[in-house]
Amino acid sequence: MARQTSKGTCTFCHGEFSKQAMSRHLETCQQRIATEAKGGSRLKAQQTRKFHLVVEGRDLPMYWMHLEAAASTTLATLDRFLRDTWLECCGHLSAFEIGGIRYAIDAGMDNEWDMGEKSMRVRLDKVFSPGQSSSYEYDYGTTTELRLRVISDREVAAKGNAIQVLARNIPPVILCEICGKPATNVCSQCIFDGKGWLCDDCPGDHECGEEMLLPVVNSPRVGMCAYTG
Ligand SMILES: [Zn+2]
Ligand SMILES: [Zn+2]
Ligand SMILES: [Zn+2]
Ligand SMILES: [Zn+2]
C-alpha cells in the first residue's frame, strides 16, 4: 500500500487540512465557533470540561480522527464509540493502556484486580490530561492497535454528544493490484502481506476465492477478521 500524505476534513466547515494542521485549524475554525456559540446561548448550557483527542491507527496512521470528549464520560463510552465508528466486527475484547495501566472491557466483573487490569468504567479526567498518550487494542487475536493523544482541554458551554468527531481523514485511495483502478475489495488473507487489493471487476481472478474478500472501508481495521465497516 502506497504511503500518502494524509489529509482530512473538518466536520464544521468541510475544509481539508493535514492531520498536523488540523489541530490548529480546529482552534480557529469560524464555522465551529459559530456552531458552538449558537448551542451555548440557546440552551444557556453549563460549562463542561472537554478533551481534544487525536486517535490514529498505530501501523496505519493515515486513518485518524480528531475527537472532542466530555471529561466526565468514561473509557467504556470511548471504547463503544471507537467500536461503532471504526472497529466492531464480532464483539472482540479490547483494552486501553494508559501510563502503564491496562483498562480492559471486561475487567472488574468478578475481581477488580484480576490480571492487574482495571475496569474501563473510569472517567476520562481520572486518566487523561493534556499531553497524555495512550494505546488501545481491539481484538487480542487479529489485533487493531490505535494510538491516542490528548491535545488539550477546555471549558465549553456544551450540549450534544459525550463524544463528537471534529475531523476525520479522507479515505486513502488504494489501487487494484490487477488493473490499477481504485480498489473496493481486499483479501482478508493477502492483506497480511500487503497485497490482495482489488476493484469490483477483478475479484474473479484472485486465487484465495471471492469469499475471502472484505469491502474497502475508511478504517484502520480494513480487511481484518470480518470487518465490513
Ligand atoms: Zn473548519
Ligand atoms: Zn472479528
Ligand atoms: Zn481491477
Ligand atoms: Zn488472497
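Placed above this text is the structure.
What counts and what doesn't
Residues numbered from 1 in each chain as written. Chains lettered and ligands numbered in written order. Predicted model: local features only at pLDDT ≥ 70, side-chain atom pairs only at ≥ 80, totals over all residues. Heavy atoms only, no water. Pairing = 2+ DSSP bridges. Helix = DSSP H or I, 4+ residues; strand = E, 2+ residues; numbered from the N terminus. Contact = heavy atoms within 4.5 Å. Axes fitted to C-alpha atoms, helices over the stretch in contact; angles between N-to-C directions. Phe/Tyr/Trp six-rings, centres within 6.5 Å; stacked < 30°, edge-to-face > 60°. Buried < 20%, exposed > 50% of the residue type's maximum accessible area, 1.4 Å probe, protein only. Lys NZ or Arg CZ within 6 Å of the ring centre and 35° of its normal. Salt bridge = Lys/Arg side-chain N within 4 Å of Asp/Glu carboxyl O.

**Q** Which residues make up the sheet that holds strand β5 (residues 94-98), and what are the values?
**A** Pairing is mixed in the open sheet, where 10 strands are placed in the order β2-β1-β10-β4-β3-β9-β8-β5-β6-β7. Among the strands making up the open sheet, the edge pair consists of β2 (16-18) and β7 (118-119). Against the sheet, helix α1 (residues 19-28) touches β1 (7-10), β2, β3 (47-57), β4 (64-70), β9 (144-157) and β10 (163-169), its axis set at about 120° to β2.

**Q** Would you mind going over the packing of aromatic side chains in detail, with residue names and values included?
**A** Tallied over the entire structure, the rule returns two aromatic pairs. Between F51 and F128 the ring centres are 6.2 Å apart and the planes differ by 90°, which places this aromatic pair in the edge-to-face class. One end of the pair, F51, is in strand β3; the other, F128, is in the loop between α4 (124-127) and β8 (133-138), and 77 residues separate them in sequence. F51 gets classed as buried once you look at its relative accessible area, which sits at 0%. Residue F128 is classed as buried on the basis of its relative accessible area of 3%. Taking 4.7 Å as the distance between ring centres and 55° as the angle between the ring planes, the aromatic pair formed by F96 and Y136 counts as tilted. Here Y136 lies in strand β8 and F96 lies in strand β5, a separation of 40 residues in the sequence. Of the two residues examined, F96 and Y136, each falls in the buried class. The ring of Y140 carries the charged tip of R102 above its face, separated from the ring centre by 5.5 Å.

**Q** Could you give an account of the pattern of salt bridges, naming the residues involved and the relevant values?
**A** Applying the stated criterion to the full structure yields 18 salt bridges. Here D125 and R123 are joined by a salt bridge, their closest N and O atoms 2.8 Å apart. The partly exposed category is assigned to R123, whose relative accessible area is 38%. Here D201 makes a salt bridge to K181, at a shortest N to O gap of 2.4 Å. Of the two residues, D201 is situated in the loop between β12 (197-198) and β13 (213-215) and K181 in the loop between β10 and β11 (185-187); the sequence distance between them amounts to 20 residues.

The values are spatial; any link to function lies outside them.
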